[in-house]
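Residues per chain, in single letters:
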Amino acid sequence: QIPTDPVQRRVRELAMLSKQLQRVHPNVLAKVLKQGTVYQNEEIVVINKPYGLPVHGGPGIKNCIADVLPILAKMLQNMKAEPLHLCHRLDKETTGVMVLARSKEAAERIRLLFKTRQVEKIYWAISLGDPDPTEGIVEIPIVEKEVQSHQSHYKMTLAPSYRLSPEDGKVVKIRKKHNAESAVTQYRLLASSSACSLLELQPITGVKHQIRVHLAYGLGCPILGDHKYSHWSKLAPQKLPEITLKRLKLEQSKARHLPLYLHAHRLSLPLGERLDLVCKPPLFFQKTLKKLGLDIAND
């Protein structure tokens, strides 16, 4: 039953985004990933990771990338190919460039490149509001914390190294929280319109949910569709400005269906020569850019 009202249709489209991939047969999923292959050579296969697809399995997860790597390898090469190997991870909601290795040795080499920060990663995100200043570096450690509220839950949050002293307003160094990880994100504004921005982000470190936390709590510009990090104490849909709702043809009550707009746009891998791997944002991302008037020259 496809709704005739375009607004209803859009909401349904958004709500279906991640559910679809959980319903298909693993062979179909492998085929989707094969169609999303952006580059391959004897060592690696690079795919454009779809939205809502977890990299690893877990409770309630029927399909994940790790499970279909043997099928994908056979589809790409021949029936005798050994399973592909994961080299890094992307969050379930993140789309874009993902590198898989054809052998265990290649996977270990690439994992080391990620670990020693030799891989340049560029993400695109649509955020609410404009960062001030329009480009810069967020360098604030991140720690996982339990949120005490009527629904207790865990979130990553900032663990700053400094604070302002209430007595005299001077900057005071704080004792480092023992499990805080240092986190550095470079950002710059590419376009802004309809109370939203298109940002280019380069995470220098790789802490869990780093970009989401730095944007929401460091710059006060949460990612569009990031319902987890748009508030601190509650789990609730993101509150959107009137102009944004109008442009997206959404009502606030339907904002919960908005997906997370975070896309791994480019990855530069030093494998002998430097490989520049680029993935166009998915269709839902492109449509939203257009709706919000966030025009960007295609690069």
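Residues numbered from 1 in each chain as written. Predicted model: local features only at pLDDT ≥ 70, side-chain atom pairs only at ≥ 80, totals over all residues. Heavy atoms only, no water.

(A) Structural view of a nonpolar patch on the surface. On the surface, Tyr162, Leu164 and Val171 cluster together into a nonpolar patch covering about 350 Å² of accessible area. Examined against the element boundaries, tyrosine 162 turns out to sit in strand S9 (residues 162–164). (Patch = residues over 30% accessible without salt bridge, like charges linked within 9 Å, V, L, I, M, F, W, Y side chains within 5 Å. Areas by Shrake-Rupley, 256 points an atom, 1.4 Å probe, with all protein chains shown as cover. Salt bridge = Lys/Arg side-chain N within 4 Å of Asp/Glu carboxyl O. Helix = DSSP H or I, 4+ residues; strand = E, 2+ residues; numbered from the N terminus.)

(B) Just helix H3 (residues 65–76), in detail. Within H3, burial applies to Ile65, Val68, Leu69, Leu72, Ala73 and Leu76. The buried residues of H3 occupy an angular sector of 160° when projected down its axis, which confines them to one face. The secondary structure elements touched by the buried residues of H3 are helix H2 (26–35), strand S1 (37–40), strand S2 (44–49), strand S3 (85–86) and strand S4 (95–101). (Buried < 20%, exposed > 50% of the residue type's maximum accessible area, 1.4 Å probe, protein only. Arc of directions from axis to C-beta. Contact = heavy atoms within 4.5 Å.)

(C) Geometry of the packing of helix H1 (residues 6–23) against helix H7 (residues 283–292). With their axes 12 Å apart at the nearest point, H1 and H7 run at an angle of 145° to one another. Helix-helix and strand crossings are classified by hand; for H1 and H7 the assignment is left-handed. Of the residues in H7, those in contact with Arg10, Glu13 and Leu17 of H1 are Phe284, Lys287, Thr288 and Lys291. Along the lines of polarity and charge, the residues of the contact of H1 with H7 split into two nonpolar, one polar and four charged. (Axes fitted to C-alpha atoms, helices over the stretch in contact; angles between N-to-C directions. Left-handed = near helix turned anticlockwise from the far one by under 90°. Nonpolar A, V, L, I, M, F, W, Y, C, P; charged D, E, K, R; others polar.)

(D) Fine view of empty space enclosed by the protein. One pass over the full model with this rule turns up one cavity of 30 Å³ or more. By volume, the largest cavity is sized at about 40 Å³. Every residue along the wall of the largest cavity is listed here: His88, Leu90, Val97, Lys121, Ile122, Tyr123, Ala264, Arg266 and Leu267. Where the lining of the largest cavity is concerned, the elements lending two or more residues are strand S5 (120–128) and strand S13 (262–271). (1 Å grid on protein atoms, 1.4 Å probe; cavity = no way out; pocket = protein on both sides within 12 Å on 5 of 7 lines; lining within 4 Å. Points joined across faces, edges and corners; volume = space filled by probe spheres on them.)

(E) Fine view of the packing of H2 against H3. Running from N to C, H2 and H3 cross one another at 65°; their axes reach a closest spacing of 9 Å. It follows from the interaxial angle that H2 and H3 lie roughly perpendicular. Remark: the crossing between H2 and H3 carries right-handed chirality. Listed contacts from H3 to Pro26, Asn27, Leu29, Ala30, Lys31, Leu33 and Lys34 of H2 are Ile65, Val68, Ile71, Leu72, Met75 and Leu76. (Parallel < 35°, antiparallel > 145°, perpendicular 65-115°, else oblique.)

(F) View of the pattern of salt bridges. One pass over the full model with this rule turns up nine salt bridges. For lysine 208, the salt bridge is made with glutamate 144, and the minimal N-O distance between the two is 3.6 Å. Of this pair, lysine 208 sits in the loop between strand S12 (196–203) and helix H5 (210–218) while glutamate 144 sits in strand S7 (residues 142–147), and the two are 64 residues apart along the sequence. With relative accessibility at 44%, the residue lysine 208 sits in the partly exposed group. For glutamate 144, a relative accessible area of 41% translates into the label partly exposed. Each of Asp91, Arg212 and Asp226 takes part in a single network of salt bridges with overlapping partners.

(G) Molecular detail of the pairing of S1. Of the pairings in the sheet, the one linking S1 to S2 comprises three bridges and is antiparallel in character. Along S2, the bridge assignment pairs threonine 37 with isoleucine 47. Once S1 ends, the chain turns through three residues before running back antiparallel as S2. (Pairing = 2+ DSSP bridges.)

(H) Representation of the layout of surface pockets within the structure. For the largest pocket, the calculated volume is near 780 Å³. Residue composition of the lining of the largest pocket, grouped by class: eleven nonpolar, nine polar and ten charged. Both domain 1 (1–116) and domain 2 (119–298) contribute no fewer than three residues apiece to the lining of the largest pocket. (Domains from an automatic or database assignment.)

(I) Just the UniProt feature "domain: Pseudouridine synthase RsuA/RluA-like" (unreviewed entry) in the protein chain, in detail. Following the UniProt record, the feature "domain: Pseudouridine synthase RsuA/RluA-like" (unreviewed entry) maps to residues 44–216 here. The distance separating the terminal C-alpha atoms of residues 44–216 is 34 Å; by composition the span is 18% helix and 38% strand. (UniProt positions renumbered as here; feature names shortened; annotations may be inferred.)

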